[in-house]
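Structure assessment
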Amino acid sequence: MAVTDFFAGEIATELLKMLITITRKACLCKPSAEQLKLSIEELLPIIEEIKYSGVELTPTRQMQLDSLSRALRDGLELAGKVLVSSRWNVYKNLQLSRKMEKVEKKISRFLQGPLQAHVLADVHHVRFETTERFDRLEGSARRLEQRLGSMKIGGGGEGWWLEEAMNNMNEEEQYEGGLEKVGMELGKRKVKGMLLDRDDLVVIGINGIGGSGKTTLAREICRDDEVRSYFNNEILFLDCIPVSELTPTLVVLDDVWSDQVFHQLIFNVPGCKTLVVSRIKFPSKVLNSTYELELLREEEAISLFCHTAFGTTSIPPGSDENLIKQVVEKCKGLPLALKVIGASLRDQPEMYWRGANSRLSRAQPICDSHEIELLNRMKLSIDYLSEKVRNCFLDLGSFPEDKKIPLDVLINIWTELHDIDDEEAFAIILELSNKNLLTLMKEERAGDIYSSHCEISVCQHDVLRDLAIHMSSFESVNNRRRLVMARREKGLPKEWERNIDQQFLARIVSIHTGEMKETDWSKMEFPKAEVLILNFDSTEYILPPFIENMPKLRALVVINYNTKTSEVQNLWVLGKSSHLRSIWMEKITIPELPKTIIPFTNLEKISFLLCKINLREESELDLSHLFPHLSHLTMDHCTKMTKLPSSICQVKTLRVLSITSCESLEELPFDIGKLIFLRILRVYACPKLKKLPCGIKNLIWLDYIDVSQCLNLECLNEEIGGCVSLKEIDMRECPRIKRLPRSIKWLRSLRRVICDEEISWQWKEMGKELTDLCVKVAEESFSLDWLNE
């Protein structure tokens, strides 16, 4: 079929008529017909725009449109069959319904992707190459852009296409007005340098959290006299790439949500540069260079806030300076928050300000307008996430503000709540980080596949945390999926206590208090709770008795933020949690476990960080009985632990053993070789450890061993040659190891060694025996940064 017939829209028009008839019938095809009808109705205006644009299609685009034409013809033929089919022939109607769904999906995918991108690019192409038709095409392009914008270009669930790039009146521009461009000079200077001083940089990015002023910065650059002169005033702030073959041009793509489309829209024309504004951190293969927008410092934040709230650039005389600074501090340097909150407080009395400050402290909106303006616009970043990733983002609100969240904690929670594995959970972390919805932090040593997740953590901007809490709080307190205390309080919220006569249906419960005694806990029931997060600041703490009323509890997180370790009591209640699979405890004293404690039959992961652990005599403590299915044991920065009980070697299910930064550890159990399924062994930064046990030779499935920063380790035992599956050894900063054992030549699976320069030559000599071995010489990386946390 000729493409000109397609442009005439005859098939689409005829199909639309038949679909309208089908939707009026009671048949199995009615739902898919209604959806296809909507797609056709959106398609027809675009066909008209193409028809009048006068664009000569390239072979590739002609082929794509021919494919769409065939899909429309199939739909037309199928619609005819539906209209003549008997409603009593259920089997045939079911087949027709399925075929109708396939046609609808094919047309919808094309409509949401390449068609929109090509149409927009072609209209702008014509507009700039054909001067005499400029006025008519200007209006055509504008109408087309409005239609495309209303069609929500972008991947939706699939994340394919350009999302929200069609909004010229975007988030920052709506708030510009007469506001000063506070804090823009540094970013403006850096981006100008990329544009004007570097010919090799063709595609440049501005990246930052939603509401941080990305678009404001881009518009300031476009207004700059030096930039305008450089590009001969050919600066186009558009939602797709135009082409100019005559003069240098700067094109700004604003609010880009995916790299899949703008790859198609960037033309390699000499002198033409593209500035991509996005909340997403695109990789270097996509952008030549990126400027990551910094949030405002205190002085800049006060200036912007005062401009919005008072119409001045500083705190007015006679105002409550301390109160104003408290409100500004809660905006955490985010321009959008400063503008919206400042506008909400303008011309309000001091008592209103004090109430607003109090509400902000509890992660609550100042008023309805504040909630609508700030949170609804911030949630744009969340609406375009897939449902699973969106839920993971909302879970982050369960952790206190301004605190690092260990990666292991998130993975433990997400694997239980969202039915994903560790790898998918980490991929979600990276996606949220790339979209500036959290900040990923790791120690220098972290990064490869064997890295401990204790070395990796995330943090979240307070405004984003408030957004997560807000989006999780629409339902009544008893029906919320996440029951979260936004800020630390002395006891449980009054709202909770008023509703204890009903069950709480939350799957995540997060409590943040000071010291809690048994009488401070209310009797509450959580029949659906799978995750319990206990954050507190105290040297004494009693676990809540209502853990007994959490029959589905799978993950427990207990974190003490006090400067001293805390005595935690009432551990016996955990024995009632038969489904518990992971426990994370931080900065607490673990008391002696009672002999009568019920075994944790489903517990797989235990993590102790900065804990004091009191172990019973080996004869009385049988870890294999207490934890029959334990697979991961982590003990990091745990003091006063000189050795592990030998019964740990009876836990045959153990796959990962991490005993790290434990300054008192002197030896590992002699029978460690009984851990026949152990895959990862970490004993780094244990300065009193002098040797590895002989039993290590029996760890035939061990993949990885880390003994780095064991300053007194004298050697790698000769027995290490028995670890025939070993793939990687990290032995950096082990100054007393002067010679390698001869048995390492049997480590045929060994692929990577990280070591000090003094011994690296011995490993490199082994390259003759181990041909696939890569030897990396490491710089000193020992750090006590954790002491500052």
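Criteria and cut-off values
Residues numbered from 1 in each chain as written. Predicted model: local features only at pLDDT ≥ 70, side-chain atom pairs only at ≥ 80, totals over all residues. Heavy atoms only, no water. Helix = DSSP H or I, 4+ residues; strand = E, 2+ residues; numbered from the N terminus. Buried < 20%, exposed > 50% of the residue type's maximum accessible area, 1.4 Å probe, protein only. Contact = heavy atoms within 4.5 Å. Areas by Shrake-Rupley, 256 points an atom, 1.4 Å probe, with all protein chains shown as cover. Pairing = 2+ DSSP bridges. Patch = residues over 30% accessible without salt bridge, like charges linked within 9 Å, V, L, I, M, F, W, Y side chains within 5 Å. Salt bridge = Lys/Arg side-chain N within 4 Å of Asp/Glu carboxyl O. Axes fitted to C-alpha atoms, helices over the stretch in contact; angles between N-to-C directions. Parallel < 35°, antiparallel > 145°, perpendicular 65-115°, else oblique. Left-handed = near helix turned anticlockwise from the far one by under 90°. Phe/Tyr/Trp six-rings, centres within 6.5 Å; stacked < 30°, edge-to-face > 60°. pLDDT = per-residue confidence, 0-100. Right-handed = clockwise from strand over helix to strand, strands pointing away. Expected span 1.5 Å × (residues − 1). Arc of directions from axis to C-beta.

In this section: the overall build of the chain. Along its length, the chain carries 25 helices and 25 strands. In the chain, which comprises 789 residues, the proportion classed as buried is 56%. Sequence-distant contacts in the chain: of pairs separated by 6 or more residues, those separated by 24 or more amount to 64%. If you sum the accessible surface of the chain, you get close to 36,000 Å²; carbon and sulfur atoms cover 49% of it.

Spatially, the four strands line up as an open sheet ordered β12-β14-β16-β18, and their pairing is parallel. Edge positions in the open sheet fall to β12 (540-542) and β18 (612-613), since each of these has one partner strand only. Bridge count for strand β14 (residues 566-569) against strand β16 (residues 588-590) is two bridges, and the pairing is parallel. Bridged to Ser566 within β16 is Ile588.

Together, Ile676, Phe677, Ile700, Trp701 and Val724 make up a nonpolar patch on the protein surface, roughly 460 Å² of accessible area in all. The topology assignment puts Val724 in the loop between β22 (704-706) and β23 (728-730). For Val724, a relative accessible area of 40% translates into the label partly exposed.

As a further point, take the pairing of strand β13 (residues 555-560). Here β13 lies mainly inside the structure; six of its six residues are buried. The sheet contact formed by strand β11 (residues 531-536) and β13 spans six bridges and is parallel. Each bridged residue has a counterpart across the sheet, and for Asn535 the counterpart in β13 is Ile559. Direction of pairing for β13 relative to strand β15 (residues 582-586): parallel, over a ladder of five bridges. Note that in β15 the partner of Val558 across the bridge is Met585.

Okay, the pattern of salt bridges next. The tally for this structure, following the rule as stated, stands at 24 salt bridges. Here Asp224 makes a salt bridge to Lys188, at a shortest N to O gap of 3.4 Å. Highlighted residues: Asp224 in the loop between α10 (214-223) and α11 (225-230) and Lys188 in helix α9 (residues 185-197), separated in sequence by 36 residues. In terms of burial, Asp224 and Lys188 fall into one category: buried. Between Arg732 and Asp730 there is a salt bridge; the shortest N-O distance is 2.7 Å. Using a relative accessible area of 2% as the deciding quantity, one classes Asp730 as buried. Taken together, the shared-partner salt bridges connect Glu416, Arg507, Glu530, Arg554, Arg581 and Glu604 into one network.

Viewed as axis vectors pointing N to C, α9 and α10 meet at an angle of 60°, and their least axial separation amounts to 10 Å. Taken together, the axes of α9 and α10 lie oblique to each other. Crossing handedness for the pair α9 and α10: right-handed. Touching Gly187, Lys188, Val191 and Leu195 of α9 are Leu217, Glu220 and Ile221, all from α10.

Counted according to the given criterion, the structure contains eight aromatic pairs. Considering the side-chain rings of Trp521 and Tyr541, the 6.1 Å spacing of their centres and the 85° angle between planes classify their relative orientation as edge-to-face. Of the two residues, Trp521 is situated in the loop between β10 (508-513) and β11 and Tyr541 in strand β12; the sequence distance between them amounts to 20 residues. Residue classification places Trp521 among the buried residues on the basis of a relative accessible area of 8%. Ring centres 5.6 Å apart and planes at 90° place the aromatic pair Trp521 and Phe546 in the edge-to-face group. Of the two residues, Trp521 is situated in the loop between β10 and β11 and Phe546 in the loop between β12 and β13; the sequence distance between them amounts to 25 residues. The burial state of Trp521 is the same as that of Phe546; both residues are buried. Taken together, Phe504, Trp521, Phe526, Phe536, Tyr541 and Phe546 form an aromatic cluster joined through their ring pairs.

It is worth spelling out unusual backbone geometry at this point. Phi at Asn570 is positive, roughly 75°, even though this residue is not glycine. Mapped onto the fold, Asn570 is located in the loop between β14 and β15. Of the residues examined, Asn570 reaches a relative accessible area of 13% and is grouped as buried. At Leu610, a position not held by glycine, the phi torsion is positive, near 55°. Residue placement: Leu610 occurs in the loop between β17 (605-609) and β18. Classification of Leu610 by relative accessible area gives partly exposed; the value is 27%.

Let us now look at the confidence of the model for the chain. Chain-level pLDDT for the chain is 76 on average; 71% of the residues reach the 70-or-more range. Note that pLDDT drops below 50 for residues 119-180; the model gives that stretch 147 contacts with residues more than four away or on any other chain.

Note on strand geometry: in a regular strand, side chains alternate between the two faces of the sheet. Pairing of strand β24 (residues 752-755) with strand β25 (residues 774-777), which is carried by four bridges, proceeds in the parallel orientation. If you follow Cys755 over to β25, its bridge partner there is Val777. In this region the chain leaves β24, passes through helix α25 (residues 757-765) and returns to the parallel neighbour β25; the handedness of that crossover is right-handed.

Let us look at helix α21 (residues 422-434). Since the α-helix turns once every 3.6 residues, residues separated by three or four places project in the same direction. Helix length check: α21, at 13 residues, gives a terminal C-alpha distance of 18 Å against a target of 18 Å (1.5 Å per residue), a fit within 8%. Along α21, the positions that sit buried rather than exposed are Ala425, Ile428, Ile429, Leu432 and Ser433. Buried residues of α21, viewed axially, fall in a sector of 135°; they line one side.

Moving on: the environment of Ile759. Of note, Ile759 is situated in helix α25. For Ile759 and Leu740, which are 19 residues apart along the polypeptide, the C-alpha to C-alpha distance reads 8.2 Å. In this view, Ile759 contacts Met731, Ile737, Lys738, Arg739 and Leu740; residues no more than four positions away in its chain are not counted.

What follows is about the environment of Glu525. Relative to the helices and strands, Glu525 is located in the loop between β10 and β11. Taking C-alpha positions, Glu525 is 8.6 Å from Ile547, a pair spaced 22 residues apart along the chain. Non-local contacts of Glu525, meaning those with residues more than four positions away in its chain, are made with Gln503, Phe504 and Asn549.

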